[in-house]
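Report on the structure
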Amino acid sequence: MTIPKIPYRFSTLATALLTVALTACGSDSDNGGGASSQSSQSSENASSSSTSASSQTSASSEASTSSEASSSSSASSEGPISIEPDFQLSLLADFPVGVAVSAASEPYTIFGNNAQPRRDVIVEHFSQLTAGNIMKMSYLHPEEDRYTFDDADELVNFAQTNGMSVHGHALVWHPDYQVPNFMNGYEGDWEAMLTDHVTTIVNHFGDTVVSWDVVNEAVDTYSSNPSDGWRHSVFYNYEPPAEGEVPPYIEVAFQAAHDAKPELDLYYNDYDNTANADRLAKTLEIADHLDDKGIIDGVGFQMHVYMGYPSLDAFRNAFQEVVDRGLKVKVTELDVAVVNPYGGGEPPPQPDYDMELATAQKVRFCEIAEVYLETVPAELRGGFTVWGLTDDESWLMNQFENATGAEYDDVWPLLFNADLSAKPALQGVADAFNGEPCSAE
Ligand code: XIL
């Protein structure tokens, strides 16, 4: 079914009138859980930092062999609400505008036989790619003496061919399924082993991967045990820090990346580090420690956020802390779910994604981008990346279900509809990039 499109600026009312129900045909793929899926966390997950919902889930979903997703069955009763952009998003910014993509044989892979339309939208609007999964530890380095770069090379080549850069994600990350088996309970020289891991990967990609999340999610302030605020991952356990110190593995990984390619931008990346003061403090502790050694360039804020939480002030404050240190700020994994299942009590039901909600989300995306531009000076803007292209491929539906048991067919967190049409949210980001006021009009 073809959805009629008209220029957005003249079309809010008309678009509302033109919304049509998308025929839910051929939709048998899952929602993009990745080749092997484990939710890492609950993201910006509570309406207050003290009420942490289950912050760690460990569900896994079966690897899917489907080469590519088709249309979604999760369109609201209103059908997709779309705009016809009269801009290319990345051309409105002088910093990387990124999107996380699936590759290899993952669901929603950009390399599927029928994925040309998906690739076209990506090339049209984005200037940077992050691999949603296939550049994580176990994908690149399954065994101590074996690295597997083919899938990532395909992704990096695609980016290069199309004038995009790649942000590497992530050299060190804790989830069980992501940690190569040989690293568990490693009995040799762990510093040499970790250094080799980081050095080999960074050197392999050279300058085609312009930046890296060197360490992802080292902070854990939600578990009652540990109480030191650090995630007691396998890496932490190689050498637990002395009281008041940052876990040594973090510096080892950054030092190796820095030594291999000092010109790349190296980030520490984490979630819930805007509104949650404890998690922000820990993030900054890491940043300060690495900054003292001159081996970090910036802080990545994942920003899996909601319509009303965290507040814009929370974003502003967190970004400012990093800017005050002269470090770069990168929004690494933005999605804005229109429902927050972690608010306490029964998870709320799935709302109808109607024009009102789509417009409110447009304003929300705009305001987030606006805070980024207002707070972070041009030379410290590491980039602005959304975690997925189309709503139906978002990881959040799996994540929410794993964490709360509530089922959501869709939470509409991204900038494009399942049929690849652009959402008003895309206009919201464009408005901010253009320096225009965030408005529902
Ligand atoms: C997610 C992927 O999007 C999913 O496909 C996978 O099943 C689990 O990981 N924080 C991160 C990302 O740093 O790596 C996570 O990506 C989302 C949360």
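Above this text is the structure in question.
Let me sum up the structure you'll find in this document.

1. Describing unusual backbone geometry
With omega at -5°, the peptide bond leading from His 169 into Ala 170 counts as cis. Here the phi dihedral of Ala 104 falls at roughly 45°; this positive angle occurs in a residue that is not glycine. Along the chain, Ala 104 turns up in the loop between strand 3 (97–101) and helix 2 (116–125). With a relative accessible area of 22%, Ala 104 lands in the partly exposed category. Notably, Met 303 is not glycine yet its phi reads approximately 65°, a positive angle. Its place among the elements puts Met 303 in the loop between strand 8 (298–301) and strand 9 (304–306). Owing to a relative accessible area of 0%, Met 303 belongs among the buried residues under this scheme.

2. So, the packing of helix 10 (residues 355–375) against helix 12 (residues 424–433)
Closest axis-to-axis distance for the helix 10/helix 12 pair is 7 Å, and the angle between their directions is 30°. Our classification of the angle between helix 10 and helix 12 gives roughly parallel. Here helix 10 runs over helix 12; the crossing is right-handed. In this structure, helix 10 contributes Ala 358, Gln 361, Lys 362, Phe 365, Cys 366, Ala 369, Glu 370 and Leu 373 to the contact, and helix 12 contributes Pro 424, Ala 425, Gln 427, Gly 428, Val 429, Asp 431, Ala 432 and Phe 433. Its residues assigned to classes, the contact of helix 10 with helix 12 comprises 10 nonpolar, 3 polar and 3 charged.

3. Digging into the pattern of salt bridges
This structure, assessed with the given rule, holds 13 salt bridges. Here Glu 285 ties to Lys 282 by a salt bridge, and the two come within 3.4 Å at their closest N and O atoms. Of this pair, Glu 285 and Lys 282 both sit in helix 8 (residues 277–293), 3 residues apart, which is roughly one turn of the helix. We note a salt bridge from Lys 362 to Asp 431, for which the minimum N-O separation is 4.0 Å.

4. Structural notes on the side chain of Arg 118
Tracing the backbone shows Arg 118 in helix 2. Apart from the residues within four sequence positions on either side, Arg 118 is in contact with Tyr 108, Thr 109, Ile 110, Leu 389, Thr 390, Glu 393 and Leu 420.

5. A closer look at the state of the cysteines
Counted under the stated rule, the structure contains 1 disulfide. Shown here is the disulfide that connects Cys 366 with Cys 438, its sulfur atoms set 2.1 Å apart. Across the S-S bond linking Cys 366 and Cys 438, the dihedral sits near -80°, which makes this disulfide left-handed. With a gap of 72 residues between them, Cys 366 in helix 10 and Cys 438 in the segment after helix 12 connect regions that are remote in the sequence.

6. Let's talk about the packing of aromatic side chains
According to the stated counting rule, one finds 19 aromatic pairs in the structure shown. Each ring, one from Phe 235 and one from Tyr 249, has its centre 5.7 Å from the other, and the planes form 40°; the classification is tilted. On the criterion of sequence distance, the pair formed by Phe 235 in helix 6 (residues 234–238) and Tyr 249 in helix 7 (residues 248–260) is long-range, its members being 14 residues apart. With a relative accessible area of 1%, Phe 235 lands in the buried category. Summarising the aromatic geometry, the rings of Phe 301 and Phe 319 are spaced 5.3 Å apart at their centres and angled 65° between planes, so their arrangement reads as edge-to-face. Of this pair, Phe 301 sits in strand 8 while Phe 319 sits in helix 9 (residues 312–324), and the two are 18 residues apart along the sequence.

7. Focus: the packing of helix 9 against helix 10
Where helix 9 meets helix 10, the axes come as close as 9 Å, and the angle between the chain directions of the two elements is 25°. Between helix 9 and helix 10, the angle falls in the class roughly parallel. Here the hand of the crossing between helix 9 and helix 10 comes out right-handed. Seen from helix 9, the contacting residues are Leu 312, Phe 315, Arg 316, Phe 319, Gln 320 and Val 323; seen from helix 10, they are Arg 364, Glu 367, Ile 368, Val 371, Tyr 372, Glu 374 and Thr 375. When the residues that make up the contact of helix 9 with helix 10 are grouped by side-chain class, the tally is 7 nonpolar, 2 polar and 4 charged.

The rules behind these values
Residues numbered from 1 in each chain as written. Predicted model: local features only at pLDDT ≥ 70, side-chain atom pairs only at ≥ 80, totals over all residues. Heavy atoms only, no water. Helix = DSSP H or I, 4+ residues; strand = E, 2+ residues; numbered from the N terminus. Buried < 20%, exposed > 50% of the residue type's maximum accessible area, 1.4 Å probe, protein only. Axes fitted to C-alpha atoms, helices over the stretch in contact; angles between N-to-C directions. Parallel < 35°, antiparallel > 145°, perpendicular 65-115°, else oblique. Left-handed = near helix turned anticlockwise from the far one by under 90°. Contact = heavy atoms within 4.5 Å. Nonpolar A, V, L, I, M, F, W, Y, C, P; charged D, E, K, R; others polar. Salt bridge = Lys/Arg side-chain N within 4 Å of Asp/Glu carboxyl O. Disulfide = S-S within 2.5 Å. Phe/Tyr/Trp six-rings, centres within 6.5 Å; stacked < 30°, edge-to-face > 60°.

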